[in-house]
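# Overview (structure and organization)
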Amino acid sequence: MNYFALILFTLFFSVSVFSIEEKDSDYLVAPIPGNVNTENQEFGVSLSSNGKSLYFHSKRNSNYTDLFKSIWKDGKWQNPVELKVLNSPYDDQSPFVNSEEKFILFSSNRNGSVEFRLPSGELGVSRDLYYSENINGRWSKPYPLSDLINTDDMEENPFVYQNHLYFTRYPFGKLQEAKIYRSKIVGNEFMYPEELPSPINIPNSSNIAAVVSNTGEYLYFSSNRKGGYGGFDIYRSKIDKEGNFGEAENLGSKINTSGDEAYLVINQEDNSLLFCRKKIGESYDIYTARKEEVKIPEPEKIAEIKTPKKEPEPIKEIKPEPKKESEKTELDKITETLKEKKKLTLNNIYFDINSSELLLESLPALNLVTEFLQTNKAARIRVIGHTDLTGDLDYNKQLSQDRAESVKKFFVSKGIATNRISTLGKGSTEPIVPDTKPESNRKNRRTEFEVLD
């Protein structure tokens with residue numbers, strides 16, 4: 001399963017879902033513009049990071065669900081194109097495409113899916129998760145995921161975030177028992193999937209279609225739990241640094257209605273929302289939601305009073321006052337440090353223990369340094385990794401080098417030229433504090449950025 005090495009490489013910092021700062025703000029909600037929605041069901045949306053490619057499934061061409069793609073052009077979504085190379089004579093649905101459209105995951109009950117006997121004695125076929133890779137603009141032949149993922153239950157709604165696969169699972173014909181699962185990807189292998197705890201999955205409710213925000217701050221999902229506005233509503237749960245889930249918050253009456261809502265994604269190009277809505281007695285359609293613009297009324301015109309013309313006075317040059325320390329943003333401080341001192345030390349770039357894998361908490365700091373590099377296009381930097389004093393000297397040096405390389409890969413993924421960044425691992429050879437107390441270890445584990453002339 002080498003294809004999951006590709007998943008981890010291409011997806012680490014590229015998911016097309018962002019956080020909603022206000023869960024019930026003033027949104028203008030309408031069906032998406034263009035020729036996407038029909039009387040048949042349009043469901044299971046996924047969006048590329050540039051907001052130009054929309055994937056979904058529909059029954060518009062047959063009695064089975066098929067996968068489709070629509071392109072954003074001239075202010076609307078163009079006529080969808082069926083992804084015939086991926087579709088089968090059976091149900092193909094709930095696509096997830098990574099932000100750069102390098103690979104796709106979807107659910108299908110095609111030939112090859114797990115078969116089983118129903119209590120009636122009839123043969124049943126489950127829906128399983130399948131994978132296809134985009135090779136030179138063409139999708140490869142889909143093949144099923146691990147037997148740990150695909151079972152005789154229904155597996156749907158795949159979503160990959162960093163090194164985890166999220167999906168929905170429920171017994172054949174029993175959507176009311178649907179639960180959200182998560183499987184960790186280690187190397188090229190899936191670990192045994194776990195059912196997400198309360199408050200995501202709770203008794204006597206169906207919970208489906210989980211996605212994680214780009215920052216890793218929220219999990220969004222759909223549920224028909226008590227207390228909603230109707231059938232399925234969209235909820236969010238805040239994820240803390242330890243990976244625990246906070247209380248499930250309903251996104252409010254602008255998004256949720258007396259019908260069903262599911263599958264929320266956020267277009268990072270314009271911060272608009274895309275989600276699926278099913279009005280009572282109708283099929284699912286795809287909707288968009290944009291924040292309502294507040295228009296400032298124009299001032300009333302005052303009658304013009306003519307005055308004798310005077311020679312214009314020379315314009316005095318007004319130099320902007322330097323910002324006070326309290327007014328400086330974190331980006332201001334980082335830029336100032338790198339320009340003046342040529343060196344910046346950060347303790348808020350985090351990695352897994354004994355690993356070079358960047359953690360979510362690193363994103364705010366790394367994004368600020370990225371902004372500096374994007375603004376100062378001639379700047380070259382050296383990324384220097386340091387470890388604490390615990391462990392073997394040679395091991396620490398290699399670990400710090402690997403971590404510096406991970407930071408470089410992050411910058412390159414953001415469009416920074418690779419020749420502008422060099423790396424160096426110093427391991428535990430230059431401690432700030434020469435002991436192994438917890439606080440000292442925290443200070444010694446650091447990443448430095450050195451501006452090169």
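Everything in this summary refers to the structure shown in the same document. These figures come from a predicted structure and were not determined experimentally.

Let us look at the sheet that holds strand β21 (residues 233-238). With respect to topology, four strands assemble into an open sheet ordered β19-β20-β21-β22, the strand pairing being antiparallel. Edge positions in the sheet fall to β19 (207-212) and β22 (249-250), since each has one partner strand and no second. Note: β19 against strand β20 (residues 218-223), four bridges, orientation antiparallel. Bridging from a neighbouring strand, Asn207 pairs with Ser223 of β20.

Bringing the sheet that holds strand β25 (residues 284-291) into the picture now. The strands making up a sheet are joined through hydrogen bonds of the backbone, oriented either antiparallel or parallel. Spatially, β1-β25-β24-β23 is the arrangement adopted by the four strands of the open sheet, whose pairing is antiparallel. With one partner strand each, in any of the chains shown, β1 (27-31) and β23 (260-266) form the two edges of the open sheet. Within the sheet, the average angular offset between the axes of one strand and its neighbour, ignoring direction, is 25°. Across five bridges, the pairing between β1 and β25 is antiparallel. By the bridge assignment, Ala30 is partnered in β25 with Thr288.

On to the nonpolar core, then. Residues Leu145, Leu165 and Leu219 are the most contacted members of the largest nonpolar core, which totals 39 residues. The element contributing the most residues to this core is β20, with four residues. Residues within four places of Leu219 in sequence aside, it is in contact with Tyr166, Leu196, Ile200, Ala210, Val211, Val212, Tyr235, Arg236, Ser237, Ile239 and Phe245. Counting residues in hydrophobic clusters, the runner-up holds 25 residues, among them Leu358, Leu366, Leu368 and Leu373.

According to the stated counting rule, one finds 17 salt bridges in the structure shown. A salt bridge links Arg60 to Glu42; the nearest nitrogen and oxygen atoms lie 3.1 Å apart. Residue Arg60 is located in the loop between β3 (53-58) and β4 (66-73), and its partner Glu42 is located in strand β2 (residues 42-47); the two are separated by 18 residues in the primary sequence. Look at Arg60 and you get partly exposed, because its relative accessible area is 22%. One salt bridge in this structure joins Arg182 and Glu194, with 2.7 Å as the shortest N-O distance. Of this pair, Arg182 sits in strand β16 (residues 179-186) while Glu194 is found in strand β18 (residues 194-195), placing the two residues 12 residues apart along the sequence. By relative accessible area, which is 15% here, Arg182 ends up buried. Classification of Glu194 as partly exposed rests on a relative accessible area of 38%. What you see here is one network of salt bridges that share partners, running through Asp91, Arg127 and Glu156.

Looking now at unusual backbone geometry. The omega torsion across Ser198 and Pro199 is 15°, close enough to zero to call that bond cis. On the secondary structure map, Pro199 appears in the loop between β18 and β19. Positive phi values are uncommon outside glycine, yet Glu101 reaches one of about 60°. You can see Glu101 is positioned in the loop between β7 (92-97) and β8 (103-108). Among the residues examined, Glu101 registers a relative accessible area of 15% and is labelled buried. Positioned with a positive phi, Asn157 is a non-glycine residue whose angle comes to about 55°. What makes Asn157 buried here is its relative accessible area of 5%.

Criteria and thresholds
- Residues numbered from 1 in each chain as written.
- Predicted model: local features only at pLDDT ≥ 70, side-chain atom pairs only at ≥ 80, totals over all residues.
- Heavy atoms only, no water.
- Pairing = 2+ DSSP bridges.
- Helix = DSSP H or I, 4+ residues; strand = E, 2+ residues; numbered from the N terminus.
- Axes fitted to C-alpha atoms, helices over the stretch in contact; angles between N-to-C directions.
- Core = buried A, V, L, I, M, F, W, Y, C linked by side-chain atoms within 4.5 Å.
- Buried < 20%, exposed > 50% of the residue type's maximum accessible area, 1.4 Å probe, protein only.
- Contact = heavy atoms within 4.5 Å.
- Salt bridge = Lys/Arg side-chain N within 4 Å of Asp/Glu carboxyl O.

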